[in-house]
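Each chain is listed here by its residues.
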Amino acid sequence: MNSTKHTLTQFDEELEAVREQVMQMGGLVENQIRLVMEALFNNDVPLMERVIDNDRLVNGMEVTIDEKCVQIIARRQPAANDLRLVMTVIKTITDIERIGDEAKKIARMGIQLSRREHFHAPRYTEIRHAARVVLEMLHQALDAFARLDVSTVTHVIRQDELVDNEFRTVLRYLVTLMMEDPRTISGALEMLFIAKSVERMGDHAQNMAEYTVYLVKGRDARHISVEEIEDELQQIESLQQQNFI
């Protein structure tokens with residue numbers, strides 16, 4: 001048998017099962033974002049409460065996957081690529097769980113906003129757009145992890161800049177609103193918390209994309225510019241094509 005051919009073993013099956021669970025957890029959180037945005041824009045309090053209740057499922061999946069990763073490390077003592085996969089999974093599920101937490105926060109703030117009598121015309125347009133961008137970022141980050149493909153990572157990182165810009169737009173609007181009408185302060189602050197939660201979701205999706213660079217290329221992409229990431233990925237790809245890596 002060709003020594004370079006991948007042989008399916010029980011260890012491989014355990015790793016693949018963990019990867020599949022990460023994707024399931026990510027899909028659950030994607031749905032949480034869709035539900036909470038629908039609930040917020042339609043002022044649907046029962047749906048907001050459903051999002052809050054569903055968060056326990058996200059937390060449960062994180063605990064389950066984390067425990068399996070610990071078992072794999074203890075029993076299999078993975079090295080090299082396998083160890084990078086396990087470490088990437090542990091980091092990734094932490095960010096997925098935190099995105100779920102932000103969706104729950106949005107639901108809670110939405111419930112409070114529904115009770116406000118003196119808060120009108122909230123800045124939903126930018127929040128809606130930012131949430132759509134975050135959903136795309138999360139989906140692309142999960143897809144990159146599933147396919148072991150870093151080609152879209154820099155696109156995810158650049159999309160986070162769009163989310164940050166939308167947050168700043170909402171912030172300026174809400175500050176003006178509070179200055180013009182002090183009765184809106186409490187509601188505007190709750191809307192600000194919602195916008196900040198969406199912005200944080202984008203940060204976590206970016207983290208997930210960067211972890212995939214570490215998984216596939218063995219390079220820690222955190223705390224460096226997107227231009228540096230692009231340059232290094234191009235250099236690594238060039239070396240691989242020349243059979244140097």
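For the structure itself, consult the block above.
Just so it is clear, the structure is predicted and the values come from calculations on it, not from any experiment.

1. Section: the overall build of the protein chain
Here's step 1: Within the protein chain, the secondary structure is distributed over seven helices and zero strands.
Here's step 2: Seen in sequence order, the protein chain has helices and strands lined up from the N terminus as α-α-α-α-α-α-α.
Here's step 3: The burial tally for the protein chain puts 45% of its 245 residues in the buried class.
Here's step 4: A fraction of 81% describes how many contacts in the protein chain between residues 6 or more apart in sequence connect residues 24 or more apart.
Here's step 5: Of the roughly 13,000 Å² of accessible surface on the protein chain, 49% is carried by carbon and sulfur atoms.

2. So, the packing of helix H4 (residues 124-147) against helix H5 (residues 153-180)
Here's step 1: One can describe the packing of H4 onto H5 by two numbers: an axis separation of 9 Å at closest approach and a directional angle of 160 degrees. With respect to H5, the element H4 is oriented roughly antiparallel. Here H4 runs over H5; the crossing is left-handed. Touching Glu126, Ile127, His129, Ala130, Val133, Val134, Glu136, Met137, Gln140 and Ala141 of H4 are His155, Val156, Gln159, Asp160, Val163, Glu166, Thr169 and Val170, all from H5.

3. Re helix H2 (residues 45-76)
Quick reminder: α-helices carry 3.6 residues per turn. Residues three or four places apart thus point the same way.
Here's step 1: Taking 1.5 Å per residue, 32 residues should reach 46 Å; H2 reaches 47 Å between its end C-alpha atoms and fits that length.
Here's step 2: Within H2, burial applies to Leu47, Met48, Val51, Asn54, Asp55, Val58, Glu62, Ile65, Cys69 and Ile72.
Here's step 3: Close packing links the buried residues of H2 with helix H1 (10-42) and helix H3 (80-113).
Here's step 4: By the N-cap criterion, in which a side-chain oxygen at the helix start approaches the backbone nitrogen of a residue two or three places on, H2 is capped by Asp44, the distance to Leu47 being 3.1 Å.

4. A short note on a nonpolar patch on the surface
Here's step 1: Where nonpolar side chains cluster on the molecular surface, the patch consists of Ile73, Leu83 and Met87 and spans about 200 Å² of accessible area.
Here's step 2: In this fold, Leu83 is placed in helix H3.

5. Some points on the packing of aromatic side chains
Here's step 1: The final tally for this structure, using the stated rule, is zero aromatic pairs.
Here's step 2: The residue whose ring lies beneath Lys91 is Tyr214, and the NZ or CZ to ring-centre distance is 5.4 Å.
Here's step 3: Residue placement shows Lys196 over the ring face of Phe167; its charged tip is 5.0 Å from the ring centre.

6. Considering the side chain of Glu62
Here's step 1: Here Glu62 lies in helix H2.
Here's step 2: Of the side chains with opposite charge, Arg98 lies nearest to the buried Glu62, which makes no salt bridge, at 6.7 Å.
Here's step 3: Ignoring sequence-local partners within four residues, the contact set of Glu62 consists of Met25, Ile93, Thr94 and Glu97.

7. Things to note about H4
Here's step 1: Its 24 residues place the ends of H4 34 Å apart at the C-alpha level, agreeing with the 34 Å of an ideal helix rising 1.5 Å per residue.
Here's step 2: Phi turns positive one or two residues past the end of H4, at Leu148, with a value near 55 degrees.

8. Topic: the nonpolar core
Here's step 1: Ranked by internal contacts, the top residues of the largest apolar core, which has 68 residues, are Ile33, Met37, Ile65, Val89, Ile106, Ile127 and Ile194.
Here's step 2: Residue assignment for this core shows that the elements contributing at least two residues are H1, H2, H3, H4, H5, helix H6 (185-217) and helix H7 (226-241).
Here's step 3: Once you skip the residues sitting within four places of it in the chain, Ile33 turns out to touch Ile99, Val134, Leu135, Leu138 and Met201.

9. Digging into empty space enclosed by the protein
Here's step 1: Counted by the stated rule, this structure contains one cavity of 30 Å³ or more.
Here's step 2: When its volume is computed, the largest cavity comes out at roughly 40 Å³.
Here's step 3: Taken together, Ile127, Ala130, Val163, Glu166, Phe167, Val170, Ala195, Val198 and Glu199 make up the full set of residues lining the largest cavity.
Here's step 4: Taken together, the elements giving at least two residues each to the lining of the largest cavity come down to H4, H5 and H6.

10. Here's the deal with unusual backbone geometry
Here's step 1: Backbone geometry places Asn43, a non-glycine residue, at a positive phi of 55 degrees.
Here's step 2: By the secondary structure assignment, Asn43 is in the loop between H1 and H2.
Here's step 3: The exposure class of Asn43 is partly exposed, given its relative accessible area of 46%.
Here's step 4: Residue Gln77 is not a glycine yet carries a positive backbone phi of 45 degrees.
Here's step 5: Mapping Gln77 onto the fold places it in the loop between H2 and H3.

What counts and what doesn't
Residues numbered from 1 in each chain as written. Predicted model: local features only at pLDDT ≥ 70, side-chain atom pairs only at ≥ 80, totals over all residues. Heavy atoms only, no water. Helix = DSSP H or I, 4+ residues; strand = E, 2+ residues; numbered from the N terminus. Buried < 20%, exposed > 50% of the residue type's maximum accessible area, 1.4 Å probe, protein only. Contact = heavy atoms within 4.5 Å. Areas by Shrake-Rupley, 256 points an atom, 1.4 Å probe, with all protein chains shown as cover. Axes fitted to C-alpha atoms, helices over the stretch in contact; angles between N-to-C directions. Parallel < 35°, antiparallel > 145°, perpendicular 65-115°, else oblique. Left-handed = near helix turned anticlockwise from the far one by under 90°. Expected span 1.5 Å × (residues − 1). Polar contact = N/O pair within 3.5 Å; in protein donor to acceptor, adjacent residues only side chain to side chain. Patch = residues over 30% accessible without salt bridge, like charges linked within 9 Å, V, L, I, M, F, W, Y side chains within 5 Å. Salt bridge = Lys/Arg side-chain N within 4 Å of Asp/Glu carboxyl O. Phe/Tyr/Trp six-rings, centres within 6.5 Å; stacked < 30°, edge-to-face > 60°. Lys NZ or Arg CZ within 6 Å of the ring centre and 35° of its normal. Lys, Arg positive; Asp, Glu negative; His and termini not counted. Core = buried A, V, L, I, M, F, W, Y, C linked by side-chain atoms within 4.5 Å. 1 Å grid on protein atoms, 1.4 Å probe; cavity = no way out; pocket = protein on both sides within 12 Å on 5 of 7 lines; lining within 4 Å. Points joined across faces, edges and corners; volume = space filled by probe spheres on them.

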